[in-house]
Amino acid sequence: MELFDHLALGFGVAFTPAHLMYALVGCLLGTLIGVLPGIGPLATISMLLPATYALPPVAALIMLAGIYYGAQYGGSTTAILVNLPGEASSVVTVLDGHQMARQGRAGAALAAAGIGSFLAGCVGTLVLATFAQPLAEVAFLFGPAEYCALMVLGLVGAVVLASGDLLKAFGMVLLGLLLGLVGTDVNSGIARYTFDVPELTDGIGFIVVAMGVFGYGEIISNLSHDSPRRDVLKSKVHGLWPTRQDWRRMLPAIARGTGLGSVLGILPGGGAVMASFASYTLEKKIHRHSDEPSLGQGNIRGVAAPEAANNAASQTSFIPLLTLGIPPNAVMALMVGAMTLHNIQPGPQVMSSNPELFWGLVASMWIGNAMLLVLNLPLIGIWIKLLTLPYRWLFPAIVLFCAIGVYSTNNNTWDIWMVGLFGVVGYLFIRLGMEPAPLLLGFILGPMMEENLRRALLLSRGDWSVFATRPLSAALLLAALALLALVLLPAIRKTRELAFVED
Amino acid sequence: MRNAKDFYAGLLFCAAGGAFAWGAFDYDIGRSARMGPGYFPLLLGLMLAALGTLMMWRAQGQKPQEGQRLPALAWRPLLAISAANVLFGLTLVGVPRWHLPPLGLMPGIVLLTLVASLAGSPVRWRESLALALLLAVLSYVVFVWLLRLQLPVWPSWGR
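Residues numbered from 1 in each chain as written. Chains lettered and ligands numbered in written order. Predicted model: local features only at pLDDT ≥ 70, side-chain atom pairs only at ≥ 80, totals over all residues.

J.: Teacher, can you tell me more about the overall build of chain B here?
T.: Of the regular secondary structure elements, chain B holds five helices and two strands. The order of α-helices and β-strands along chain B, N terminus first, is α-β-β-α-α-α-α. The C-alpha radius of gyration computed for chain B amounts to 24 Å, which surpasses the reference 15 Å derived for 159 residues by more than 25%, pointing to a less compact arrangement than a globule. Across its three principal directions, the C-alpha atoms of chain B cover 55 × 50 × 35 Å. Taking the intrachain contacts of chain B between residues at least 6 apart in sequence as the baseline, contacts between residues at least 24 apart amount to 65%. (Helix = DSSP H or I, 4+ residues; strand = E, 2+ residues; numbered from the N terminus. Rg over C-alpha atoms; globule rule 2.2 N^0.38 Å. Contact = placed C-beta atoms within 7 Å.)

This is the structure in structure tokens:
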């Protein structure tokens, strides 16, 4: 079996003491920062990215995967204990998770989230390993027109899944694409929109945008509320291990969530959010035993299933990234940026030219998942302590670590000040109710999209109909249209508004 | 203003899109078969400006809604965080033009923490100072010892 050869190769790479160390450190740091209230996974990852600069590529990627999973797990811990969803995909976890925590079953809820994520992660890794190869071959059928169409689909997906107004989300994508064009145009060598500032000729750093908008902007916005709406669980968490009845209920739910998540994650356009919402809706439809609390009242299925779906989807969303080189959501866009910093251009060629790296990463994802389970169940006491830290101690530390981190990227103070500038911009976005995640995705995709559009039109001699006449491209664009039509349908629009009503 | 949030968001898009489209004329636009460096930004800028206009127009026609009123600008955190950021950069590497020598990371951390603390109210000076010292020690261990970042750490006079 080729699959097992590949996985064996991957585990051979990942299971060295040094690499296990990096995975462990990544998970620890990711959870440590991710659990802090008011810091979402995007801010966490961008803050921790500079810590990987000095490492060789494989080690850096392994540590990044650890940070990624740690940040996500930390986010759901905060969601359950503080009733504060740090990101869109943990919005549904909050519903039942926090109810369980209030009923004194925080331990079981956290364990359900952890176990659900782990089991889903195992399946997700297998799916990734199975489908990566055939999909990478599909990637070679992709011409520039198809890449362009795929990016349009991804961006439409991001718009559709953004909370709030569709028009605003569209605007943010466009603005992100435009900001991504700042710097030297690869084709003509002309520096665009740099205002003769030498630091801008390389473009605006993605880390600058991410830290500014998601770090500084969030801080300013958080501080503008007078009373922090924090409702930290005061009681001690005990009874971590789920009861037998819990197991009986959550295992099938985890299986359903995993299946749903694995499929939805492959779709470009941010499958993780869609997966957790869909799986929660599915659990609501499934027959409920008479002695079971209803969903929304602290049902363990309502925690386990969306967390499993979320994690399976985040695992399989690596498939479009690694095979086509296209990030399906903002978090993955950050990962692309990180990989390019280490001189790895994600895409179909990584798998053939650099198999240790590819399969090592796949294996280390599984290790990261396992490590989280091992780490977090015993360490949960520490994470809860962190949650009670007052925000007035946290925010100066975040401001500082972002500044040091971004300075270490290029040893350039200009970058520090750019973070400050984007912080102000990010605060404006939040104040005007504009969700910044689609902006980041657009920002990463900007140059890629321009390049592919240029090539597609060059090949067709300027004829735009090439996007409609090439079957693959036409299918992708039709899918984007269908997605758009779907959210504009009145019935679905209503549920979408309901789902995001808390924001 | 009927729906202030949407209106100003539209205005922002309109201004940004217009600026990018305007700037695109400084570069060669080309045509679709041979796109110049100005082609794609012009296209996107016009789309963004059109979208912004649409949003502004839509916001005018709407009835005033709860939660759509613009919250007051949070000047205090905005200024404190920005100032802390700017000062940190200045302290770290100094300003040759003003004969300010690089003071390095340690003074920078203390300054940043104290200024950033002004963002919250009430300001607790003693607590902030303790936090500043803690962060300085922590940063020294993590960034200077463990990660060996190339940063000026202490003040360097006379250079």
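J.: Honestly, helix H7 (residues 144–161) of chain A in this entry has me stumped. Any pointers?
T.: The periodicity of an α-helix, 3.6 residues per turn, causes residues three or four positions apart to be oriented the same way. Between its first and last C-alpha atoms H7(A) spans 26 Å; for 18 residues at 1.5 Å apiece the expected length is 26 Å, and the two agree. Within H7(A), 17 of the 18 residues are buried, which leaves it mostly tucked inside the rest of the structure. (Expected span 1.5 Å × (residues − 1). Buried ≥ 20, exposed ≤ 12 C-beta atoms within 10 Å, placed from the backbone.)

J.: Help me understand the interface of chain A and chain B in this model?
T.: How big an interface is tends to be reported as the loss of accessible area on association of its parts. Taken together, the contacts link 54 residues of chain A with 53 residues of chain B. Going through the elements one at a time, helix H8 (166–180), helix H9 (206–224), helix H17 (391–410), helix H18 (413–431) and helix H19 (437–459) of chain A are the ones with two or more residues in the side of chain A that touches chain B. When residues of the side of chain A that touches chain B are assigned to their parent elements, the largest contribution, eleven residues, is made by H17(A). Considered class by class, the residues forming the side of chain A that touches chain B number 35 nonpolar, eleven polar and eight charged. (Nonpolar A, V, L, I, M, F, W, Y, C, P; charged D, E, K, R; others polar.)

J.: Is there a simple way to think about unusual backbone geometry in this case?
T.: In most cases, non-glycine residues show a negative phi, while peptide bonds are predominantly trans. Residue and element names in this part refer to chain A. A positive phi angle, close to 60°, is found at Asp196, a residue other than glycine. Inspection of the secondary structure puts Asp196 in the loop between strand S2 (191–192) and H9. Taking the number of C-beta atoms within 10 Å as the measure of exposure, Asp196 has 7 and is therefore exposed. Positive phi outside glycine occurs at Arg461, with the angle close to 55°. Looking at the secondary structure, you find Arg461 in the loop between H19 and helix H20 (466–469).

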